[in-house]
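Fold and contact review
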Amino acid sequence: MHFRARKKRVFSLCLGVVVVLFWFTTYALDDGKDISVSNVIIIGATGDLAKKYLWQGFFNLFVDLHTSSHHVNLIGASRVEYSEGSRQLTGILQDHVHCPDGLSDCSQLRKEFKQQVSYAQLKTQEDYAELCRKLNEQTTAKGMIEKGRLIYLSVPPFAYAEIVANINSVCRPPTSATWLKVVLEKPFGSDLRSAQTLAAEISKHLKEEEIYRIDHYLGKPGVRNILPFRISNRDILEPVWNHKHIEYVEIALKETLDVKGRISFYDKYGVIRDVMQNHLTEIMSLVAMEIPKDLNAVADRKLQLLRDVLPVRASQTVIGQYDDYHKDWMTELSQNPGNKSYTPTFGASALFINNHRWKGVPFVLMSGKKLQEKLSYVKIVFRNVAICPTSVSWLEDKLCEPRQIIFILSQSGFQFPEILVSENFPRPNLPENTFEAEAEEGKEFSVFGKHVSKYFIYSGMPGDAYTTLIRDCYHGNKANFVSTDSLIASWKIWDSVLQELHRTEPRIYRTDQSQSGWLNFQVIGHQLQFTVQKTEEEDAFMESSLTSSYFMLDVGSFRKQPLFRGSSETVVEELAKAIYSIALEAVKERGSFHIAFSGGTTPSALFSVLVQDYQEDFPWQKMHIWMVDERCVPRSDVRSNFNSLHNSLLKHIAIPHFNVHPMPTELINGLCSFDDKGPQVYAAEMNRLLPEDRLDFVLLGVGSDGHTASLFPDSAGVNETYHRVIITPDGPADGVRYRMSMTYYTINNARNIGILVLGSDKREIIKVLDNENELSYTKYPILGVIPVNGSLQWYIDELALSD
Ligand SMILES: O=C1O[C@H](COP(=O)(O)O)[C@@H](O)[C@H](O)[C@H]1O
């Protein structure tokens, strides 16, 4: 009995254990497995942007996503230590997070949201490791599945490299089933070179699909109308969306605010870098891109469009600076009297797209601070369909009225509808109209010279750009972010004009009535000019600049060789002229013209002149293009010289495919594999094709360390006397191990050599080369360039020459 009782007790105990285990494994664990979590880390969580937009955006995302089976866990992080950081964060959540539109009471949700937010100090790699270890542990302990990890970097770009390196090494989710998305804020570089360097640095640590570069304009409701409008009105628009019907397109971002208080940042950028290269260029791509059948290909079409835009030049641009800027600049940057800033706060450029659809149509991009109104818009102005000689009043004949489509992108309040289409178009497909101003009795108002009743309109929906983009990022809608390729393509459009305009005097403007019309400009052919003449004061300045030879071409000598000096625009034009006449002569004498181009950004200014001013006349069909040097990277890599050459020159000209000679850096065994004998292959190709074994022209540059081609100071390449082409270890740290380069043997044998040096970055090296006679070519490889039986000319702009 006793035994039986014990047996029964043991049995019930076992049963109990089994039941508990069964319950635990069946319900508790399974329950856990059904719960997923998204982890969000905001770095720079107490800064201005986070305060104004990000926390609200993430609260809205939280409201969308947070359920009992999906948790959204948020960590606000910064370099500030824990107690101070979490105090600041609590304050921000308290004061800056409100109910999303459409929800009147969200107190419970706000409470839950605050409970899900914690603070972490992130300074060192250990801090990152610690935080991400905790995230992993929490997920495992709660039996949850981590769906994704979104890390938002609201910090200055100089901090990106270190942060993305930390994310990559210690903060990646533990399995590849969890996605990782890293959001970055602009500026993404300040010119082509810095953008490429930054992009290369980021790409070392993150895959392209993990990088989300934000352009907040792509989240604005007005901007997001453009593509859907084009798509849903394809039938009406497609026949007229081209150069035959569209006269010009205006894309503007006008602001009333000035930059007081942030001049230390703004002065390094100015309006072209701050707004035109990014927001306005992105918007232009939405207006002008081809619409793919498969909407997943939108990003590709956008990129294609950007690559078709011709580089902008100074002659296509006007710039201005608001009058008080100088005063604020002096104070905020503690400048000495007599100094001045050339940074433009207003800019307008006419851009041209080199494709069949848009041939010759100016896309006028403009932006300015401290203007009379805050308004951003796209205005597409159509050519008149007909001239109507028989109409008694032309105003009554709709065919004769001007037609335009306007997208309002951003405005103060709800002044205007978001889409306006002239009523003499067929009725477009627009969401139901709810524009209130129209309904208001007696409300008379015009938009761009026409009463609002003369348009088909769509009023638009309110929406906050950051909320929209945060949602897009979470859901992986990558087309609304800036890819590495399109970033670089966009900088390629703007790089030459930035160089050319460096230290160009902007027109000073006031924004009161007395100056109305002062910033008006006109497009004449491919150029842009202010319509109002300059004041006497400005004329005097121009005159003194001219006598100081800043804009004029001057001929002199540099290291005993001919020198052409002047503004960057002038020297580049002179170089283009020289190349053109040498090309004509070579074709006449030998039937072909062989030129070798160096890489880097400097030649892009030359390419834009060749494309725009010599397009019709240059003997492209007889031209052969060679490369002075190349990085051992795939051709699709932004660091590839061929990639730049292709985008800035080759694709814009009618050169036969077989006349282009990229360096053979990718053959059978990989990048610059010694077994492939790439240098010998290139040398043999030159040997076969070059008349008398000589290039007609070699274009070189000079690095700030004195290197030329890929012949670096004290490297073996400078002493190479036998081979025509070599593989050499890379000089500067741009993440590339090897390069391929022509040697002095090939370069010095050319008939003509031009050395192009632009920009103040080169001032130091030009000073050294100018003042020292006894320099060795091993230390300054540019000095090993001594033509054997040809000529050498220097083309140096005033920025590189002035002290
Ligand atoms: O990115 C920038 O955009 C703003 C204008 O944006 P908005 O949303 O206020 O229209 C501009 O003020 C700022 O300088 C620029 O960096």
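Before reading on, note that the structure itself is shown above.
Here is a short report on the structure shown in this document. If you're wondering where the values come from, they're calculated on a predicted model, not measured in any experiment.

Digging into the sheet that holds strand β3 (residues 117-121)
- Taken in spatial order, the six strands make up an open sheet running β3-β2-β1-β4-β5-β6, and their pairing is parallel. Of all strands in the sheet, those bounded by a partner on one side alone are β3 and β6 (211-214). Sheet twist, expressed as the average angle between the axes of neighbouring strands with direction ignored, equals 20°.
- Across five bridges, the pairing between strand β2 (residues 70-78) and β3 is parallel. From the neighbouring strand, Ser78 faces β3, where its bridge partner is Gln121.
- Most of the contacts of helix α3 (residues 82-96) go to β3, to which it runs at about 145°, and overall it touches β2 and β3.
- Relative to strand β5 (residues 179-185), helix α14 (residues 465-475) is tilted by about 150°, and along the sheet it contacts β1 (36-43), β2, β4 (145-153), β5 and β6.

Digging into unusual backbone geometry
- Cis rather than trans, the peptide bond between Lys186 and Pro187 has omega equal to 10°.
- Within the fold, Pro187 resides in the loop between β5 and α7 (192-205).
- A positive phi angle, near 60°, is found at Arg503, a position not held by glycine.
- Topologically, Arg503 is positioned in the loop between α15 (484-501) and β17 (507-509).
- We classify Arg503 as partly exposed; its relative accessible area is 42%.
- The phi dihedral of Ala709 is positive, around 45°, even though this residue is not glycine.

A short note on the nonpolar core
- The biggest cluster of nonpolar side chains holds 203 residues, and the ones touching the most others in it are Leu153, Phe363 and Trp794.
- Counting residues per element, this core draws most heavily on helix α10 (residues 263-288), which supplies 12 residues.
- Look past the residues within four positions of Leu153 in its chain and what remains in contact with it is Ile43, Tyr160, Ile163, Val164, Ile167, Val182, Val183, Leu184 and Glu185.

A look at the environment of Asn641
- Along the chain, Asn641 falls in helix α19 (residues 641-648).
- Take Asn641: its relative accessible area is 6%, and that puts it in the buried class.
- Put simply, Asn641 and Arg631 are 10 residues apart on the chain and 6.8 Å apart in space, counted from C-alpha to C-alpha.

Some remarks on the state of the cysteines
- On inspection of all chains with the given rule, the structure shows three disulfides.
- Cys99 shares a disulfide with Cys106; S-S distance 2.1 Å. Classification of the bridge connecting Cys99 and Cys106 rests on its S-S torsion, roughly -100°, and on that basis the disulfide is left-handed.
- Judged by its relative accessible area of 27%, Cys99 falls in the partly exposed class.
- Exposure remark for Cys106: the relative accessible area of 2% places this residue in the buried category.
- Put simply, Cys132 and Cys171 are joined by a disulfide, and their sulfur atoms are 1.7 Å apart. Negative torsions about the S-S bond denote left-handed disulfides, and the value of about 70° found for Cys132 with Cys171 makes this one right-handed. Here Cys132, found in helix α5 (residues 125-141), pairs with Cys171, found in the loop between α6 (160-170) and β5; they are 39 residues apart in sequence, far enough to count as distant.
- Judged by relative accessible area, which is 1%, Cys132 ranks as buried.

Definitions and limits used
- Residues numbered from 1 in each chain as written.
- Predicted model: local features only at pLDDT ≥ 70, side-chain atom pairs only at ≥ 80, totals over all residues.
- Heavy atoms only, no water.
- Pairing = 2+ DSSP bridges.
- Helix = DSSP H or I, 4+ residues; strand = E, 2+ residues; numbered from the N terminus.
- Axes fitted to C-alpha atoms, helices over the stretch in contact; angles between N-to-C directions.
- Contact = heavy atoms within 4.5 Å.
- Buried < 20%, exposed > 50% of the residue type's maximum accessible area, 1.4 Å probe, protein only.
- Core = buried A, V, L, I, M, F, W, Y, C linked by side-chain atoms within 4.5 Å.
- Disulfide = S-S within 2.5 Å.

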